[in-house]
Every structure is written in structure tokens, then in C-alpha cells.
Amino acid sequence: MSETDTGPWALEMSGVSKHFGRAPALDRLDLRVPRTGVHGFLGPNGSGKSTSIRAMLGLVRVNAGAIRIFGRPVPAALPEVINRVGAIVERPRFYPEFSGRKNLRLLALAIRVPATTVDRVLDLVGLTGSARQRFGTYSLGMKQRLAIAATLLRDPDLVILDEPTNGLDPEGIRDTREMMRGLADMGKAVLVSTHHLGAVEEILDTVSVIKDGHLVAEGRLTDILPARARVRVRIGAPSAALAALRHRGWQVTSLPDHLEVHGDRPDLINRHLTEAGLWPDEISLSRPSLEEAYVRLIETAPPAAAPLPQRIA
């Protein structure tokens, strides 16, 4: 095992700051991406995700902090590990009159990858049947898949995708999602940056959530973004029901047309109400989506650091 193969992380960022003018784009950002699996890099637009990715790839020089890919410092040792990284930061340009296969063959020739690799990556992204079709006739989803195929020519261990589902229709989102999951199942680390949790939540293993350039939370998706259950109660005597349930220890919120009880036991809530001589008209269990939990997490995150008093060169 080589030096670059040690440690649990494919990518680490420690205390990374980057300033454009007085305001920080990245504010002492910490990020850890496991060596395998799909890692969601989540945050609203303008939170610093794209700047972070450019820093990872040595395209942006940071003002403070450390970045390591497979244990090697970036940008100093980036040439040692760059062939193990495939990334889409912006949509790559392909020749519209050439077929998907010919575009990839030209790229493979330029980066000195065997031509036989082209058909393998086309198969990985599900474009074998469209390989002879002109790129200019591809749908947006197919173009995205060809872009991902281009990143796979070197068989990277770490794949970095910046907003890969932007602009895609539901079928394109599904195909891209399945592709990312398939790459992770092959043992690769996939870092997907997005502000649309709903498009990728079902394939994520771990996540980092950032806001205003700093880390808000990290860990397994369901651990840091719990979708807490609620029981909706409609009843003719809401004030009496509210008092009865609170007396039994339930956390209850009174809303205009129903009571919302924190928990996932409608059977127990119904029993406590009937024991108090109250009979609900309706009891139903609801679980907010993880996207709703993510939005709440972002909204309640601490504010960003104050702007710097002077410009940092």
C-alpha cells in the first residue's frame, strides 16, 4: 500500500478560508469525504460549494487552511494524485458534429488513454446504444452522461461532480443518480455538490452541509437531517385535547385546523385522548421530507463571520 492509499479519507479540507475582497467565500471550512460511497456536498446557492471544488482541484489558491487528496497536500502534490481524480466543474465542450464515441476517442488520445477504454466508459454511463449518434443531437441528460464518461477515462478513484442534475428532466436526474450510485458501488468516492437534496437524497451515504462558506453539519444523512414524524389530530374540542395530551407529556402545537403532536405513535395518542373522554375526528401520521429538514437546518445555522476589516491580497 502506497503512502497515498493510507487513511480513511479520499479528500480532506481543514480550516480552509478564501476571500474575494472583504467577505469570505470560505470561512475556516472543514470537509471530509470517505474513500468510498456517495458524499453529498450540500448548501444553498452562494454557500461556497463551487469555490471549494475549485480549491480542491488547485484552480483557486486559498488564503488559509490545508487540503489533502488521498493523503497528499493540494496544490503542492496535486500532480501525484490528479490522475486519480475525475471532475466536472463546468460542462465540457464537445464537437457537436462528432459522435459521442468519436469525441471520447479524441479525448482519450489527448490524455494518452487506450482507445479500448472508450467503449467501457460509454457502457458505464449507459450510452453504448447512442455512441454513434452526433453529440449535437443528444438530450441534456445524455450530454451530462457523456461528460461523466469523459471524467472516467482515467478510471479515477475520486469523482467530483458540481451540480450534476441542474437543468435535467426527471428521467435525466434518475439516470445521473443511478450512475453515481453505480460508481460508488464499484468502490469509488463520489462527491456530488448540489443545493437540491431531493434530486440525490436516496443515494447519499454521507453529507457535509455548508452555509456562507463554513461547515454546518456532517455525517450520515439520516443522522444530521432527521425527518421527524408528526401526528396530525383533528378534533371537535382542540383546547381540551391540547391540555390532555400535554398533561401526558406530549409536545403539541396548536394550528388553525388541527393539532400537531411530535412523535410517531398515533395509536398511543388516540388512546390517551379517549382515556380523557375525547374522540378524534381524524388522526394521521406524517413525516416531513429530508429536504424540509435540510432547509430547516440551513435556516437555523449560525451566521457567517463578519467581513474582514481590510482586503486580503
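First, a word on scope: everything that follows refers to the structure included in this document. (Residues numbered from 1 in each chain as written. Predicted model: local features only at pLDDT ≥ 70, side-chain atom pairs only at ≥ 80, totals over all residues. Heavy atoms only, no water.)

1. Structural notes on the nonpolar core
Among soluble globular proteins, nonpolar side chains are generally buried collectively.
In step 1: L42, L104, L146, L197, L204 and L225 are the most contacted members of the largest nonpolar core, which has 49 residues in total.
In step 2: With six residues, the top contributor of residues to this core is helix α5 (residues 140-151).
In step 3: With residues up to four places along the chain from it excluded, the contact list for L104 reads F94, V118, V121, L122, L146, A149, A150 and L153.
In step 4: Counting 26 residues, the second largest nonpolar core, distinct from the first, contains V16, L31, I160 and L191. (Core = buried A, V, L, I, M, F, W, Y, C linked by side-chain atoms within 4.5 Å. Buried < 20%, exposed > 50% of the residue type's maximum accessible area, 1.4 Å probe, protein only. Helix = DSSP H or I, 4+ residues; strand = E, 2+ residues; numbered from the N terminus. Contact = heavy atoms within 4.5 Å.)

2. Some words on the packing of aromatic side chains
In step 1: Evaluated as defined, the whole model comprises three aromatic pairs.
In step 2: Above the plane of the ring of F70 lies R84, whose end atom (NZ or CZ) is 3.9 Å from the centre.
In step 3: Directly above the ring of F98 sits K102, whose terminal nitrogen or CZ lies 4.1 Å from the centroid. (Phe/Tyr/Trp six-rings, centres within 6.5 Å; stacked < 30°, edge-to-face > 60°. Lys NZ or Arg CZ within 6 Å of the ring centre and 35° of its normal.)

3. Things to note about the pairing of strand β8 (residues 189-194)
In step 1: Among the six residues that make up β8, six are buried, leaving the element largely enclosed by the rest of the structure.
In step 2: Both faces of β8 are covered, namely the face carrying A189, L191 and S193 and the face carrying V190, V192 and T194.
In step 3: By the bridge criterion, six bridges tie strand β3 (residues 37-42) to β8 in an arrangement that is parallel. Note that in β8 the partner of L42 across the bridge is T194.
In step 4: Where strand β7 (residues 158-162) meets β8, five bridges bridge the pair, whose relative direction is parallel. Within the sheet, the bridge partner assigned to V159 lies in β8 and is V190. (Pairing = 2+ DSSP bridges.)

4. Quick word on the packing of helix α3 (residues 100-110) against helix α4 (residues 116-124)
In step 1: At a closest axis distance of 9 Å, the pairing of α3 and α4 adopts a crossing angle of 130°. In terms of orientation, α3 and α4 fall into the oblique class. Regarding α3 and α4, the two cross each other, and that crossing is right-handed. Taken together, the residues of α4 that come into contact with α3 (itself represented by R101, L104, R105 and A108) are V118, D119, V121 and L122.
In step 2: Among the residues making up the contact of α3 with α4, the classes are represented as five nonpolar, no polar and three charged. (Axes fitted to C-alpha atoms, helices over the stretch in contact; angles between N-to-C directions. Parallel < 35°, antiparallel > 145°, perpendicular 65-115°, else oblique. Left-handed = near helix turned anticlockwise from the far one by under 90°. Nonpolar A, V, L, I, M, F, W, Y, C, P; charged D, E, K, R; others polar.)

5. Overview of the environment of V233
In step 1: On the secondary structure map, V233 appears in strand β11 (residues 230-234).
In step 2: Taking the C-alpha atoms as reference, V233 lies 8.9 Å from N270; in sequence the two are 37 residues apart.
In step 3: Not counting residues within four places of it along the chain, the set of residues in contact with V233 comprises H258, L259, V261, I269, L273, P280, E282 and I283.

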